[in-house]
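Observations on chain architecture
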Amino acid sequence: MLCWPLTPNNSNMASALSRNLGKFVPRNTCLFLCDMQEKFRSSVQFFPQIVEISNRLLKAFKLLDLPVVCTEQYPKGLGSTVAELEVRENNVPIFDKTKFSMCLPPIQEIIKDKEIKSVILCGIEAHVCVQQTALDLLESGLDVHLVVDACSSRSMVDRMYAFERVRDSGAFLTTSESVILGLAGGSSHPMFKQLQKIIWESAPDTGLLAARQQNLVTAITESISGAKL
């Protein structure tokens, strides 16, 4: 067994090795696009923005020739993936499903064949199909990076608590811009300028900051009320 004295630097190294930092390697990373279908257009919070941001991720993955999969929940009743998410133009495989999780046998085969170790997950609804997909992936030993500005639900309460649920289970919460720049790793990447064009304009607002601020106000108010009691 290899041992080394725990000097400050070695202590930091040991700490890093003992936990998963969530750094993904592009060639072992797959983008999951979950159920962004016509029937959800009018009911899911910030639906157009969620689709737009998911399409940014799709463009980045296709630019780097990285794997992407897409699912549709009961398309006979809920419709096809919306046209704004350019899955068909980019020849993304689309899988029908009735179970909530995206972890279908053909997708599991892609994970195995492509030696996927990390999944970038976005879509709807955060508290149902996205959450169950994340839990299944975590259970199988994969890293899950849930893109908070590319996931939503009909209810902001369901959305925000789904984020807490998957984070507590071991998923990493991240943003679309963080993922896209993470794929590049630095400005020396040969595709950096093309990736930069995708995020040149800030991603549209999906209500996360307002929700966070509201949570903070509620926490402070409850704290003050408790102190008075």
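For clarity, every value in this text was computed on a predicted model and none was experimentally measured.

Attention shifts here to the overall build of the protein. Counting its regular elements, the protein contains nine helices and six strands. Put simply, the protein has 229 residues, and 42% of those count as buried. Look at the contacts in the protein between residues 6 or more apart in sequence, and 79% of them connect residues 24 or more apart. Surface exposure of the protein reaches about 12700 Å², of which carbon and sulfur atoms provide 54%.

In the contact formed by helix α5 (residues 126–139) and helix α6 (residues 156–169), the axes pass within 10 Å of each other and the chain directions differ by 5°. What the angle tells us is that α5 and α6 run roughly parallel. Contacts between α5 and α6 pair Ala-126, His-127, Gln-131, Ala-134, Leu-135 and Leu-138 from the former with Asp-158, Arg-159, Ala-162, Phe-163, Arg-165, Val-166 and Ser-169 from the latter. Considering only residue class, the contact of α5 with α6 consists of seven nonpolar, three polar and three charged.

Right, let's get into the pairing of strand β1 (residues 29–34). With respect to burial, β1 is a largely interior element, six of its six residues being buried. Direction of pairing for β1 relative to strand β4 (residues 118–124): parallel, over a ladder of six bridges. Paired with Leu-33 across the strands is Cys-122, a residue of β4. Sheet analysis places β1 next to strand β2 (residues 68–73), joined by four bridges and oriented parallel. Within the sheet, the bridge partner assigned to Leu-33 lies in β2 and is Cys-70. Following the backbone out of β1, through helix α2 (residues 47–63) and into the adjacent parallel β2, one traces a crossover that is right-handed.

Cis rather than trans, the peptide bond between Ile-124 and Glu-125 has omega equal to -15°. If you trace the backbone, Glu-125 turns up in the loop between β4 and α5. Its identity is not glycine, yet Glu-115 carries a phi of approximately 55°, on the positive side. Take Glu-115: it is sitting in the loop between α4 (105–113) and β4.

Along the chain, the position of Thr-174 falls in strand β6 (residues 172–174). Beyond its immediate chain neighbours, meaning those up to four positions away, Thr-174 contacts His-145, Leu-146, Val-147, Val-148, Asp-149 and Val-179.

Okay, the nonpolar core next. Within the largest apolar cluster, 67 residues are counted, with the highest numbers of intra-cluster contacts made by Leu-31, Phe-32 and Leu-33. When residues in this core are grouped by element, the largest group, eight residues, is from α2. If we ignore the near neighbours within four places in the chain, the residues touching Leu-31 are Leu-57, Leu-58, Phe-61, Pro-67, Val-68, Val-69, Ile-120 and Cys-122.

Quick look at helix α7 (residues 176–184) now. Buried residues of α7: Ser-176, Val-179, Ile-180, Leu-183 and Ala-184, and no others. In an axial view of α7, the angular spread of the buried residues amounts to 145°, which keeps them on one side of the axis. The inward-facing, buried residues of α7 contact α2, β4, β5 (143–152), β6 and α8 (192–198). Taken from the residues just after α7, Gly-185 is the one with a positive phi, measuring 80°.

In this section: the packing of α2 against α7. For the pair α2 and α7, the least separation of the axes is 10 Å and the interaxial angle reads 5°. Classified by the angle between their axes, α2 and α7 sit roughly parallel to one another. Contacts from Ile-53, Arg-56, Leu-57, Ala-60 and Phe-61 in α2 reach Ser-176, Val-179, Ile-180 and Leu-183 in α7. Here the residues of the contact of α2 with α7 are counted per class, giving seven nonpolar, one polar and one charged.

Turning to the sheet that holds β4, a few remarks are in order. Across the sheet, which stays open at both edges, the six strands sit in the order β3-β2-β1-β4-β5-β6 with parallel pairing between neighbours. The sheet is open, and its two edges are formed by β3 (94–97) and β6, each paired on a single side. The average angle at which neighbouring strand axes cross in this sheet is 25°, direction not considered. Sheet analysis places β4 next to β5, joined by six bridges and oriented parallel. By the bridge assignment for β5, Gly-123 is matched with Cys-151.

Procedures and definitions
Residues numbered from 1 in each chain as written. Predicted model: local features only at pLDDT ≥ 70, side-chain atom pairs only at ≥ 80, totals over all residues. Heavy atoms only, no water. Helix = DSSP H or I, 4+ residues; strand = E, 2+ residues; numbered from the N terminus. Buried < 20%, exposed > 50% of the residue type's maximum accessible area, 1.4 Å probe, protein only. Contact = heavy atoms within 4.5 Å. Areas by Shrake-Rupley, 256 points an atom, 1.4 Å probe, with all protein chains shown as cover. Axes fitted to C-alpha atoms, helices over the stretch in contact; angles between N-to-C directions. Parallel < 35°, antiparallel > 145°, perpendicular 65-115°, else oblique. Nonpolar A, V, L, I, M, F, W, Y, C, P; charged D, E, K, R; others polar. Pairing = 2+ DSSP bridges. Right-handed = clockwise from strand over helix to strand, strands pointing away. Core = buried A, V, L, I, M, F, W, Y, C linked by side-chain atoms within 4.5 Å. Arc of directions from axis to C-beta.

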